[in-house]
Amino acid sequence: MAKQTYSGVRRRIRGSAHIRELAAAVHLSHRDFIQPLFVDESIDRRTEIPSLSGIASDTPESLLRQISADVECGVRKFLLFPVPANKAEGNFDYRFICGVVRDIRTHFGKEVWIAVDVCLCAYTSHGHCGILNTERNAVLHADTAQALAGYAVQLADAGADCIAPSDMMDGRVGAIRDALDLHGMTEVTVMSYSSKFSSQFYGPFRDACHSAPGRGTLLKDRKTYQISPFNGGDALLSAFRDIEEGADIIMVKPALPYLDVITGLKRQVHHPVAAYHVSGEYQGLELLVQHGLADRAKVHTEVWAALKRGGADIIISYAARHAEEWISGIEY
Ligand code: PBG
């Protein structure tokens, strides 16, 4: 082989859309996308979320119309976020979202794939993702894992295809897998938010789900259970641990600031890796667009390409319903 040199002309591979398309190392497909959906028990009509441009919270009725519209746009996979009307400290009532899942199944059968975000933060009066101790200064991991396992069984019974625990309590994936298997729900997939960082990029989401942590507690943030942005190793170990406990799909969240973790996982495990391009990341792009500083389709597809290059198999994006159109329009 000739001695490798790096000098000289690179433009032969850049000179036309044809050669750029041929030379592209990743290609996007709308088939890899999951569309998040918010369903809120306390609203009586579909309500735009001001901090999440173009995204609304649905009632159970408007949600069915949204899913129909999304199916028309080529979306088949959904991640549901329930926002229950009543907040509590324990004995949570999951009937609202279970009813919603049943309705979706009745209307769409197996045409759609339904994952449900499983966490207590929209259920608790204090907004934390778990049950608090009596001093209200720590979350109880084992108790929360048990509560989530019971929740998962109810969701699976209602027809959910996938349980997606986002709470970050130790032991929850194992508790959920065991409970599902014990109830004969061996076909239900677990997509773990395995590598979820304590992040500023969840701001718009917490608006939508009324789930900002801290009300009436000494614990003002999620740093004691979510991963530190300064510790990528913890994110890898957390994913390995969740795989050991039975996770079928692992996830990195947020996505773009943690490409190193996506790449690290892709190299080291053979499970599908999902990247969650979260609310603040999405809204950051939307604000650029609103200020005339970027093209909407181009800026989202650019980030999606980055996530693919980084090793993501699955992309969760608030703009998933545009993926088919935007991807087919990519100009290389
Ligand atoms: C619930 C949960 C959060 C997100 C998904 N599930 C917020 C949080 O941990 O505070 C964030 C999603 C987004 O920002 O798009 N635990």
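Owing to the predicted nature of the structure, the values given are computational and were not obtained by experimental measurement.

Reading guide: rules and limits
Residues numbered from 1 in each chain as written. Predicted model: local features only at pLDDT ≥ 70, side-chain atom pairs only at ≥ 80, totals over all residues. Heavy atoms only, no water. Near = heavy atom within 4 Å. Polar contact = N/O pair within 3.5 Å; in protein donor to acceptor, adjacent residues only side chain to side chain. Areas by Shrake-Rupley, 256 points an atom, 1.4 Å probe, with all protein chains shown as cover. Nonpolar A, V, L, I, M, F, W, Y, C, P; charged D, E, K, R; others polar. Helix = DSSP H or I, 4+ residues; strand = E, 2+ residues; numbered from the N terminus. Buried < 20%, exposed > 50% of the residue type's maximum accessible area, 1.4 Å probe, protein only. Core = buried A, V, L, I, M, F, W, Y, C linked by side-chain atoms within 4.5 Å. Contact = heavy atoms within 4.5 Å. Phe/Tyr/Trp six-rings, centres within 6.5 Å; stacked < 30°, edge-to-face > 60°. Lys NZ or Arg CZ within 6 Å of the ring centre and 35° of its normal. Pairing = 2+ DSSP bridges.

Chemist: Teacher, can you tell me more about the site of the ligand here?
Modeler: Neighbouring residues of the ligand: 18 residues in total, closest Lys196, Arg206, Lys253, Ser279 and Tyr318. With respect to the ligand, the side chain of Arg206 contributes an N or O atom lying 2.6 Å from an oxygen atom. Take Tyr318: an N or O atom from its side chain is 2.5 Å from an oxygen atom of the ligand. When the ligand sits alone it has 400 Å² of accessible area, and the protein chains cover 100% of it. In the shell around the ligand, the residues fall into 10 nonpolar, 3 polar and 5 charged.

Chemist: Help me understand unusual backbone geometry, please; the structure alone is not making it clear to me.
Modeler: Note: most peptide bonds trans; most residues except glycine with negative phi. The peptide bond linking Lys253 to Pro254 adopts the cis configuration, its omega dihedral lying at -10°. Position of Pro254 among the secondary structure elements: in the loop between β8 (249-253) and α8 (259-268). Residue Arg136 is not a glycine yet carries a positive backbone phi of 60°. Mapped onto the secondary structure, Arg136 falls in the loop between β5 (113-118) and α4 (141-158). A relative accessible area of 25% places Arg136 in the partly exposed class. Even without a glycine there, the phi angle at Met168 is positive, about 70°. Along the chain, Met168 turns up in the loop between β6 (162-165) and α5 (172-182). By relative accessible area, which is 5% here, Met168 ends up buried.

Chemist: Please clarify how the nonpolar core should be interpreted in this entry.
Modeler: Within soluble globular proteins, side chains that are nonpolar tend to cluster in buried spots. Ranked by size, the top nonpolar core spans 111 residues in total, and within it Phe38, Leu80, Ile97, Ile104, Leu155 and Leu180 carry the most contacts. It is α4 that contributes the most residues to this core, 10 residues altogether. Not counting chain neighbours up to four residues away, the residues in contact with Leu80 comprise Leu37, Leu63, Ile97, Val100, Val101, Ile104, Ile114, Ala115, Val116 and Asp117.

Chemist: Is there a simple way to explain the environment of Val101 in this structure?
Modeler: With respect to the helices and strands, Val101 occurs in helix α3 (residues 95-108). Judged by its relative accessible area of 0%, Val101 falls in the buried class. The spacing of Val101 and Phe81 is 20 residues in sequence and 11 Å in space, taken between C-alpha atoms.

Chemist: Looking at this structure, how should I read the packing of aromatic side chains?
Modeler: Aromatic rings considered in pairs are described by the distance between their centres and by the relative angle of their planes. In this structure the tally under the stated criterion is 14 aromatic pairs. With centroids separated by 4.5 Å and ring planes inclined at 65°, the aromatic side chains of Phe33 and Trp304 adopt a geometry described as edge-to-face. Here Phe33 is found in strand β1 (residues 33-40), whereas its partner Trp304 is found in helix α10 (residues 296-310), with 271 residues between them in sequence. Of the two residues, Phe33 and Trp304, neither departs from the other in class, the shared state being buried. The interplanar angle of 75° and the centroid separation of 5.5 Å between the aromatic rings of Tyr123 and Tyr151 together place this pair among those described as edge-to-face. Pair noted here: Tyr123 is in the loop between β5 and α4 and Tyr151 is in helix α4, with a separation of 28 residues, a long-range link. For the pair Tyr123 and Tyr151, a shared accessibility class is recorded, and that class is buried. Connected via pairs of aromatic rings, a cluster forms that spans Phe38, Phe81, Tyr193, Phe205, Tyr276, Tyr282 and Tyr318. The ring of Tyr202 has Lys196 lying over it, and the distance from NZ or CZ to the ring centre is 5.5 Å.

Chemist: Sorry if this is basic, but what is going on with the pairing of strand β7 (residues 189-196) here?
Modeler: Working note: regular strand, side chains alternate between the two faces of the sheet. Within β7, 7 of the 8 residues are buried, which leaves it mostly tucked inside the rest of the structure. Where β6 meets β7, 2 bridges bridge the pair, whose relative direction is parallel. When the bridges of β7 are listed, Ile163 appears paired with Val190. Sheet analysis places β7 next to β8, joined by 4 bridges and oriented parallel. Pairing of Lys196 across the sheet is with Lys253, part of β8.

Coordinates in, geometry out; function isn't part of it.
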